[in-house]
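Each chain, written out:
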Amino acid sequence: MKILVAAKRVVDPNLRVQVKPDASGIVTEGAGMSVNPFDEIALEEALRLRERGHAAEVVVVSIGPTQSRQQLRTCLAMGADRAILVETEVSLQPLGVSRALLRLVERERPTLVLLGKQSIDDESSQTAQMLAALWGRPQATSVSEVLIEGSCVRVTREVDAGMEVLELDLPAVISADLRLNEPRFVKLPDIVRAKRKPLDIHSLDELAIEGGNHPRHVHYSSPPARKRQIMVEDVPALLRSMRERGVIT
Amino acid sequence: MSNDSVLDKSDPSVRETLTYDLAIVGAGPSGLACAVRLKQLDPGLSVCVLEKGASVGAHILSGAVIETQPLDELFPSWRNAPPPSCIEANAEQFWWLTRTGALRLPIPPQMRNKGNRIVSLGSLCAWMAQQAEQLEVEIFPGFAAAEVLIEREEVNGVRVGSFGVDRSGRAKPSHSLGVDIRARFTVLAEGCRGHLSKRLIHRYGLDGVGDPQGYGLGFKELWQVPDGRLRPGLVQHSIGWPLDNSTYGGGFLYHCDAQRVAVGLVIGLDYSRGEFSPFDVFRQFKHHPMVRALLEGGNILSGGARALSEGGYQSLPVCEMPGALLIGDAAGMLNVPKIKGVHNALRAGMLAAEHIVGTGDVAGFDARLRGCAVGHELKKVRNIRPGFRYGLWWGLSNALWETASGGRSPWTLRNRADHAVSARAAPPAGSIPDERRDLPPHDRAALAYFAAVAHEEDQPIHLRIRNPEMCTGECREKHDNPCTRFCPTQVFEMVDEAEGTGLRINASNCIHCKACDIKDPYQIVDWVPPEGGSGPNYRNL
């Protein structure tokens, strides 16, 4: 079985995100970039499935600017067998991304598509769902356990009421939650080896993706600065202070 | 290809080895210049660069106004596609600050910046790394060189730090053993007070003939300020307030593009007052009416601190040892009166590559370095910085003489080790006046936030105290634990516990500035690298 993993290039999660002074977007100049952490978890799961003998090949795909090669090389160094970059300078919305992914799914015919449950930049959490709908296959989102059982996959999801266990027919789309696993560290010799693994590059036009109407970003702003904290002596002082602020009556 | 020997090894318990002709520790200006020059001279040689920061530039913090001549030599066409945030210095001012006023001074000849560029050294290094990768230099950000490999008294590579080790030193499930990098030659380009350089200088007695190294601690923040306040290309330097006359140092304001201004203060770590807190002094500096007027209402984008070497010529260690070289600020190539070191770092890096390719050896590099522009320049200004040990006025008069005489004085003033001049902490009265300070960061923990520090919490503490009893005993009595004040991000705290007072090390706040390793009066702090990729994530500093 073949697993397709989607990985997005995002601003490094350890950085402080800065809004451009004209509110048109996020400053990426001088920012370290990395693989979207949830996608990294999805890839780790794919690698573990391969190591357990469930998969023969793990293909990782990214849709983004030419610099996304860097993140794909990281994925290859983690252990993916090969990588595909769909190069585009246009920022695609989830629908465009899922359409591009669908084209690749048609070409690659994977049994399982694994993605992060959301990207840490736009946090749309839509791509996996849209891809499943376009492909007409079952989906499970925010998954924290994956078990392959013959032609089915049994997954555990964390829901408000507790754990939900679903059984899906393969092929299927699964999006990974934080608790699914802890991704491995990339090893230095694997970075050297990854340079020799295949990385195919396609343009968006080649895949004949329709543009469609995308939402337009109107304004970005930083969250309001938090007010300075105060220290109170004891519980009565805390209650007094909360009453003064109208938090309790 | 020299790495083929490792390609088939997959047993995780075996430590793997990679082999290169040249291994460089540190992707700063000197290390990258060395890598690029080596590949330009002989593309057949293999070279790798290890960098402990998560990306190239993440651990770089510098003013910086740089001389561009070495860049012209290294990248003749760099002006056609310059690095980001790089603008020409087009005006300059030198100020003497008092608590409320400022007096314009004539600009000393060394400090003239005509033709120089205001850059973010972090962005410059990231840009250099791209050029290096095009030449097939292998750069490994996120991997720290933890140990030096020495065989038969000769350096023959470095061992990369392991990943996935818990606080007590045990392997976690994610454990990954660091590899060995074997190299014909190793170049230490770690920057000021590099932890491997420190050990090698000691092991090979490289500082035996010279004076102890002297250091400074530089703070820098990048601010975005409302439109209309800046004059892009303006370089402003200051001396005086809030430093007293016995403490060496000075402030800077570099007006950059995109409504950004770099504000900073460098403080000589040979300050003697035990109660001195460099962070608070820098904060105070930002509230001088002249500085505050620029910053107020703006946003701080990134900030941090880093030690720098100020010892100059008489403190320059021997820069070669069997199998390895020492370049850049790891050796100490800052020209203090010029307030510039990047050009010398670039030159030293290029020279190291030229020497290795030309002679097939490292022997003879030190003499060549001292005989080239780097050595000449440092020698000429050698007496200026140590003159300030006798106070600001003496220092300025001496600087005037040394400048007028072109450094031809028959004498050489000596340097002392910074840690040896710490006096007992005096009561806070008479120290820094408690002025209004409302610009962020409000405290040292907040500086760690603006430095975007990230460390995995569950890993061994990377600030090793050789003799912890000293902290609660003699150091507490005699010095009132200066580590609790000199650390810019408050890594060290004395806390009252049930068993008595103890030292708490908030290692995950560490911005890798190395001040503790330098200034601790008992020299019992050893800074070692945490898990690769940890530490600050500076942006455009």
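Residues numbered from 1 in each chain as written. Chains lettered and ligands numbered in written order. Predicted model: local features only at pLDDT ≥ 70, side-chain atom pairs only at ≥ 80, totals over all residues. Heavy atoms only, no water.

A few points about the interface of chain B and chain A
Listed as interface residues are 38 residues of chain B and, on the opposing side, 24 residues of chain A. Carbon and sulfur atoms supply 56% of the area buried between chain B and chain A, which totals about 2600 Å² over both sides. Along the contact surface separating chain B from chain A lie two salt bridges. One salt bridge connects glutamate 29 of chain A with arginine 260 of chain B, and the closest N-O pair in it is separated by 3.7 Å. Element by element, the count of residues in the side of chain B that touches chain A is highest for strand β18 (residues 299-309) of chain B, at three residues. In terms of residue class, the side of chain B that touches chain A is built from 20 nonpolar, eleven polar and seven charged. (Contact = heavy atoms within 4.5 Å. Buried area = accessible area lost by both parts, 1.4 Å probe. Salt bridge = Lys/Arg side-chain N within 4 Å of Asp/Glu carboxyl O. Helix = DSSP H or I, 4+ residues; strand = E, 2+ residues; numbered from the N terminus. Nonpolar A, V, L, I, M, F, W, Y, C, P; charged D, E, K, R; others polar.)

With respect to the packing of helix α7 (residues 342-359) of chain B against helix α9 (residues 373-380) of chain B
All names here are of chain B. Contact pair α7 / α9: the axes reach a minimum separation of 9 Å and the direction vectors enclose 145°. Contact residues: His343, Asn344, Arg347 and Ala348 in α7; Ala373, Val374, Glu377 and Leu378 in α9. Looking at the contact of α7 with α9 residue by residue, the classes come out as four nonpolar, two polar and two charged. (Axes fitted to C-alpha atoms, helices over the stretch in contact; angles between N-to-C directions.)

A closer look at the environment of serine 46 of chain B
All names here are of chain B. Mapped onto the elements, serine 46 comes out in the loop between α1 (29-41) and β2 (47-51). Its relative accessible area of 14% is what places serine 46 among the buried residues. Sequence spacing of serine 46 and lysine 198 is 152 residues, and the spatial spacing of their C-alpha atoms is 26 Å. (Buried < 20%, exposed > 50% of the residue type's maximum accessible area, 1.4 Å probe, protein only.)

Side note on unusual backbone geometry
In this chain, tryptophan 241 of chain B is followed by proline 242 of chain B through a cis amide linkage whose omega measures 0°. Mapped onto the secondary structure, proline 242 of chain B falls in the loop between β15 (234-240) and β16 (249-255). Note that the residue after proline 440 of chain B, namely proline 441 of chain B, is joined by a cis bond; omega there is -5°. Its place among the elements puts proline 441 of chain B in the loop between α11 (392-404) and α12 (444-450). One non-glycine residue, alanine 23 of chain A, adopts positive backbone phi at about 65°. Not every positive phi belongs to a glycine, and glutamate 123 of chain A is a case in point at roughly 50°.

Notes on empty space enclosed by the protein
A probe as big as a water molecule, rolled over the atoms, marks out the empty space that is left. All names here are of chain B. Applying the stated rule across the entire model yields ten cavities of 30 Å³ or more. Lining the largest cavity are Gly214, Tyr215, Asp270, Glu310, Gly311, Arg385, Pro386, Arg389, Arg414, Asn415, Arg416 and Asp418. Here the lining of the largest cavity is built from residues that sort into two nonpolar, three polar and seven charged. Estimates place the volume of the second largest cavity at around 110 Å³. (1 Å grid on protein atoms, 1.4 Å probe; cavity = no way out; pocket = protein on both sides within 12 Å on 5 of 7 lines; lining within 4 Å. Points joined across faces, edges and corners; volume = space filled by probe spheres on them.)

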